[in-house]
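Structural characterization, general
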Amino acid sequence: MTVSADAPVRVRVPATSANLGPGFDALGLALALHDEVTARVTEGGLDIQVDGEGGEQVARDETHLVLRAMRAAFAELGETPPGLALQCRNRIPHGRGLGSSAAAIVAGILLARGLVRDGRLRLDDAAVLALASEFEGHPDNVAPCLLGGLTIAWTVDGAARAVRRDLDPAVVPVVLVPPFTASTERARGLLPPTVPHADAAFTAGRAALLVAALTGTPQALFDATADRLHQAYREPAMPEALRLVADLRVLGHPAVVSGAGPTVLVLARGEVEAERVRGAAPIGWAVSAPAVDVAGARILDPPR
Ligand SMILES: Nc1ncnc2c1ncn2[C@@H]1O[C@H](COP(=O)(O)OP(=O)(O)OP(=O)(O)O)[C@@H](O)[C@H]1O
Ligand SMILES: [Mg+2]
């Protein structure tokens with residue numbers, strides 16, 4: 001056994017917004033809204049404490065997502081700790097399209113790696129990306145959660161890869177979070193098996209433009225956030241979100257559904273536009289403009 005029984009490990013993981021309109025399953029952005037999880041190897045049993053988001057819903061047993069991801073990473077590392085204690089401080093809302101599941105999975109894998117001697121050598125960063133993406137089912141939230149900034153992710157022979165870019169500083173992400181949830185599973189189930197060639201060609205062009213717009217040509221952001229691959233199909237799962245996206249776009253704002261919704265993301269071009277978006281938020285929706293998280297998931301000093 002090479003797991004460390006004395007030293008706790010603490011990790012900080014960011015919220016993420018995936019898709020960004022036309023970049024379905026590929027593009028993602030890390031936001032400075034973080035969960036923090038501390039893990040410790042114990043002599044036996046399981047102790048899971050949760051404060052904040054999801055605190056009243058998530059199970060405290062083997063089905064807990066952070067723990068399941070830890071188990072997967074321990075299995076990859078060939079380790080079985082005798083017992084585990086977890087302390088979760090959650091700030092990322094669950095089931096809203098802000099990557100809470102990816103954050104939980106990344107946290108679990110990094111904690112397991114951190115608790116194992118030479119974990120970093122035995123499970124390198126590329127392996128963490130691949131394992132976390134496999135666990136989540138797709139890499140678009142996992143990649144920015146791990147790397148920070150703007151990421152473009154793809155999969156080769158089942159293994160996820162990603163490149164990271166800095167966002168143009170003029171871009172101000174504004175998130176509008178409704179007081180209700182939507183299930184990622186349901187939203188995925190609404191997608192058709194095939195799409196018209198013209199819609200695929202349109203969306204591929206806009207996705208390419210979006211990378212340019214986010215990294216140096218923000219003037220193009222309105223055209224660059226147009227999508228025909230997924231958002232409209234998901235309308236039955238989140239009519240309010242699609243209505244808000246349409247209303248904001250009529251006003252000229254680059255609005256998209258964040259992840260599998262129902263949060264709406266606006267990639268505002270500066271503070272003036274961000275302020276206008278705040279003014280257009282429906283009653284009951286929480287609006288904020290979190291900074292871009294440029295660092296990605298980080299191991300922090302353990303709490304004293
Ligand atoms: N920190 C966490 N601890 C335990 N379980 C979590 C945690 N974060 C997410 N989950 C689980 O994942 C579910 C939410 O995942 P889901 O993929 O539906 O939404 P999301 O990740 O918040 O949004 P999206 O995938 O659209 O960005 C929660 O209901 C919960 O079961
Ligand atoms: Mg998710």
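Cut-offs and rules
Residues numbered from 1 in each chain as written. Chains lettered and ligands numbered in written order. Predicted model: local features only at pLDDT ≥ 70, side-chain atom pairs only at ≥ 80, totals over all residues. Heavy atoms only, no water. Pairing = 2+ DSSP bridges. Helix = DSSP H or I, 4+ residues; strand = E, 2+ residues; numbered from the N terminus. Axes fitted to C-alpha atoms, helices over the stretch in contact; angles between N-to-C directions. Contact = heavy atoms within 4.5 Å. Buried < 20%, exposed > 50% of the residue type's maximum accessible area, 1.4 Å probe, protein only. Disulfide = S-S within 2.5 Å. Near = heavy atom within 4 Å. Polar contact = N/O pair within 3.5 Å; in protein donor to acceptor, adjacent residues only side chain to side chain. Areas by Shrake-Rupley, 256 points an atom, 1.4 Å probe, with all protein chains shown as cover. Nonpolar A, V, L, I, M, F, W, Y, C, P; charged D, E, K, R; others polar. UniProt positions renumbered as here; feature names shortened; annotations may be inferred. Phe/Tyr/Trp six-rings, centres within 6.5 Å; stacked < 30°, edge-to-face > 60°. Lys NZ or Arg CZ within 6 Å of the ring centre and 35° of its normal.

To continue, consider the sheet that holds strand E10 (residues 286-288). Note: strands within a sheet are paired through backbone hydrogen bonds, in either parallel or antiparallel orientation. Across the sheet, 4 strands lie side by side as E8-E9-E7-E10; this open sheet has antiparallel pairing. Of all strands in the sheet, those with a lone pairing partner are strand E8 (255-257) and E10, marking the two edges. Across the sheet, the mean angle separating the axes of adjacent strands is 20° when strand polarity is ignored. Relative to strand E9 (residues 264-269), E8 runs antiparallel, the two being bridged by 3 bridges. Across the sheet, the residue bridging to Ala-255 is Val-266, located in E9. Set on the sheet, helix H9 (residues 239-250) makes contact with strand E7 (171-177), E8 and E9; between it and E8 the angle comes to about 165°. This element, helix H10 (residues 271-279), spans E7, E9 and E10 of the sheet and lies at about 10° to E7.

Cis geometry marks the peptide bond from Gly-261 to Pro-262; its omega dihedral reads 0°. Position of Pro-262 relative to the elements: it lies in the loop between E8 and E9. You will see that Leu-20, though not glycine, has its phi angle at about 55°, which is positive. Following the sequence through the fold, Leu-20 ends up in the loop between strand E1 (9-18) and strand E2 (27-42). Note on Leu-20: relative accessible area 0%, which makes it buried. The backbone of Asp-118 sits at a positive phi, close to 60°, despite the residue not being glycine.

Let us look at the state of the cysteines. Should the sulfur atoms of two cysteines be covalently bonded, the bond is a disulfide. For the coordinates displayed, the defined rule picks out 0 disulfides. Lacking any disulfide linkage, Cys-88 is separated from the closest cysteine sulfur, that of Cys-145, by 14 Å.

Moving on, we get to the site of ligand 1. Gly-95, Gly-99, Ser-100, Ser-101 and Thr-184 are the nearest of the 18 residues found near ligand 1. Between ligand 1 and the protein, one listed contact pairs a nitrogen atom with a side-chain N or O atom of His-64 at 3.5 Å. One of the side-chain nitrogen or oxygen atoms of Ser-100 is found 2.7 Å away from an oxygen atom of ligand 1. For ligand 1, whose unbound accessible area comes to 640 Å², protein coverage reaches 79%. Among the elements that take part in the shell around ligand 1, helix H2 (residues 100-115) stands out by supplying 3 residues, more than any other. Grouping the amino acids of the shell around ligand 1 by side-chain chemistry returns 6 nonpolar, 10 polar and 2 charged.

What follows covers the UniProt feature "domain: GHMP kinase C-terminal" (unreviewed entry) in the chain. Listed under "domain: GHMP kinase C-terminal" (unreviewed entry) in the UniProt record, and renumbered for this structure, are residues 223-281. Here residues 223-281 is 39% helix and 15% strand, with 22 Å between the C-alpha atoms at its ends.

For the rest of this paragraph, the subject is the packing of aromatic side chains. Counted by the stated rule, this structure contains 1 aromatic pair. Geometrically, the ring pair formed by Phe-180 and Trp-285 is edge-to-face, given 6.0 Å between the ring centres and 90° between the ring planes. Note that Phe-180 is positioned in the loop between E7 and helix H6 (184-189) and Trp-285 in the loop between H10 and E10, a separation of 105 residues in sequence. Under the relative-accessibility criterion, Phe-180 is labelled partly exposed at 28%. A cation sits over an aromatic face here: Arg-228 above Phe-202, 3.8 Å from the ring centre. For Arg-249, the ring lying beneath its charged end belongs to Phe-222, and the centroid distance is 4.2 Å.

Another point: the environment of Ala-104. By the secondary structure assignment, Ala-104 is in helix H2. For the pair Ala-104 and Ala-132, spaced 28 residues apart in sequence, the C-alpha separation works out to 9.7 Å. Setting aside anything within four residues of it in sequence, one finds Ala-104 in contact with Leu-65, Val-66 and Ala-69.

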